[in-house]
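Summary of the model geometry
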Amino acid sequence: MSNDTSKTPIAADKSRHWRVARADKFALIVDASDYFRLVRKVMLAAQTQLLLIGWDFDLEIEMMPGESDKDGLARDGLPNRLDEFIKEILNRNEKLEIYMLKWNGSLLVAPGRILPGAMLAAFHGERIHFSLDSHHPFGACHHQKIVVADDSVAFCGGIDMTEDRWDTSEHLPNDPRRVKKDGTPSEPWHDATSALSGPAAKALGDLARARWHRARGEVLDAPEGCDAAIWPDDLAVEATDLDVAITRTAPPFDENPLVNEIEQSLLYGIRTAQECIYIESQYFACDSICAALEERLREERGPEIVIINPKYALSDFEDDAMHEVRDRMLGRLVAADHEDRFRTYFPVNTADQPIYVHAKIFIVDRAALHIGSANINNRSMAFDTECNIVIEAQPDLIGGFRTRLLSEHLGVQPQKFEKVLAEDGLISAIETLNRPSGRGLRSIGDRTSNLRSRLLADTQIMNPRYHHGDDSNTGQGIRPRHVVGIAVGMLAGYLGWRRWGGKK
């Protein structure tokens, strides 16, 4: 692969985006402590239509951990629990309608989470519309993470409103606020999202309404005549009047072809990178991305490449399924790296505790920023439903965000990182400022493989993808809702047997 230096604006290449729209205001938000606080303000300010599109919504979480008084109210005087907060904003505004769409496969992950949503819809059924999305091929996942209020302000990124996501950028050891609903500790968690206003927010509203239509067959009208002044007063505006490209992944389904704009956009970024490629992702298990990076590493004087991943997956099975593939791909990149231009790290806090990386960020030089829901794996490129946004031609914004992220990981001031970076390249700056213990970055070592991990890696059964032309029968056969129905039937049968047949 040769380095294509002829930069084509993303707006001119339809294969790399769905739509390009202007953002009146733009901001980047790191970690869920700030996001949950800000999204509450936007949800409260929504006047007529609030679209919540996500992988999961856990309505029983406290959005502001550690703030609840005896009545369950946070410091802003509103209910802290997500379901009670939604009830309150509906009670305050009789014109507001809320549409909440989440992946139906989350029932298999946490079956109990369906009850709060069902109860919320039952008691506020006319204005709260709750749906489980099953409109995808078997095994695929609805993974977008979008919030849109009145087509005025939108969030798009990697943060879910669910358990285990809340953390501050300090990622403090043993933070008493970072706990699960049952009181057990949650691990440190790194994540990111974006906020947009103006036509770009409306474009994300159009995408969210199209996703609702695909899932429910119901056409939602865009809101009209809303006051646009709902941008949170404490959300610093980092850029104004800039073009934002919206990129998608969507599997072929019901005669709709594969959409892999995110993959095409990332591959273009790899081809055109001049100095460095910086990646934060939950996984590194994508054949096409690995091959493209491998070719760049084989070049003479190509770009530096830095990948930030979690050390471990969230379960032993997931570790076997995804990180065995990661080890193989990282081995290929190390073998291709003949000029010492490649590094992989995981972050740790001041107690050397690994911080789980859930952010989905891809930065090319100071030329392009990709942020959204898509991981660097086969699924996110051409199997699941994803949404990223892309910013180009904003060097101060893009370079500043990369500095902000690495300064957080290294526990240094951004000014200090920028000073060291100016004296040498990205990898040198990281290694100069990195500490051998305490807050910093650690190299990802090889994991111990086993029979299951090798089988999962060889078959890629948990990390599939479509290719263009693989469109036949994708809307036929068993769907996720059928699997859920079978599981519920089996559970009912088992409980019935325990209740009646098992007592003899």
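Conventions used here
- Residues numbered from 1 in each chain as written.
- Predicted model: local features only at pLDDT ≥ 70, side-chain atom pairs only at ≥ 80, totals over all residues.
- Heavy atoms only, no water.
- Core = buried A, V, L, I, M, F, W, Y, C linked by side-chain atoms within 4.5 Å.
- Buried < 20%, exposed > 50% of the residue type's maximum accessible area, 1.4 Å probe, protein only.
- Helix = DSSP H or I, 4+ residues; strand = E, 2+ residues; numbered from the N terminus.
- Contact = heavy atoms within 4.5 Å.
- Phe/Tyr/Trp six-rings, centres within 6.5 Å; stacked < 30°, edge-to-face > 60°.
- Lys NZ or Arg CZ within 6 Å of the ring centre and 35° of its normal.
- Salt bridge = Lys/Arg side-chain N within 4 Å of Asp/Glu carboxyl O.
- pLDDT = per-residue confidence, 0-100.

1. Considerations on the nonpolar core
Counting residues in hydrophobic clusters, the biggest one holds 57 residues, and the most contacted among them are Phe26, Leu204, Ile361, Phe401, Phe417, Leu426 and Ile430. The dominant element in this core, judged by the number of residues it contributes, is helix α5 (residues 199-216), at 7 residues. Ignoring any residue separated from it by four or fewer positions in sequence, one finds Ile361 in contact with Ala192, Tyr278, Ile279, Glu280, Leu369, His370, Ile371, Phe401 and Leu405. Judged by nonpolar contacts, the second largest core, of 40 residues, contains Met64, Phe130, Met161 and Trp231.

2. A closer look at the packing of aromatic side chains
Taken as a whole, this structure holds 6 aromatic pairs when the rule is applied. Between Tyr35 and Phe36, the ring centres sit 5.9 Å apart and the planes meet at 45 degrees, which makes this aromatic pair tilted. Classification of Tyr35 by relative accessible area gives buried; the value is 4%. Residues Tyr99 and Trp212 carry aromatic rings whose centres are separated by 5.3 Å and whose planes lie at 80 degrees to one another, so their mutual orientation is edge-to-face. One end of the pair, Tyr99, is in strand β3 (residues 97-103); the other, Trp212, is in helix α5, and 113 residues separate them in sequence. Judged by relative accessible area, which is 8%, Tyr99 ranks as buried. Through successive ring pairs, a cluster of aromatic residues spans Tyr35, Phe36 and Phe155. Above the plane of the ring of Phe85 lies Arg40, whose end atom (NZ or CZ) is 4.4 Å from the centre.

3. Some points on the side chain of Ser265
Summarising the element assignment, Ser265 is placed in helix α6 (residues 261-272). Other than its neighbours up to four places away in sequence, Ser265 contacts Ile10, Arg16, Thr247, His370 and Val390.

4. Focus: the environment of Ala46
Position of Ala46 relative to the elements: it lies in the loop between α1 (32-45) and β2 (49-54). A C-alpha to C-alpha distance of 8.8 Å links Ala46 and Asn93, two positions 47 residues apart in sequence. In contact with Ala46, not counting residues within four places along its chain, are Asn93, Leu96, Ala149 and Asp150.

5. Quick look at the pattern of salt bridges
Applying the stated criterion across every chain yields a total of 45 salt bridges. Through salt bridges that share partners, Asp319, Asp320, Glu324, Arg328, Arg447, Arg452 and Asp458 make up one connected network.

6. A word on the confidence of the model for the chain
The share of residues in the chain with pLDDT of 70 or more is 87%, and the mean pLDDT across the chain is 90. Within the model, pLDDT remains below 50 along residues 1-6, and this stretch shows 17 contacts once partners closer than five positions in the same chain are excluded. Counted against residues more than four places away or in other chains, residues 475-480, with its pLDDT under 50, gives 14 contacts.

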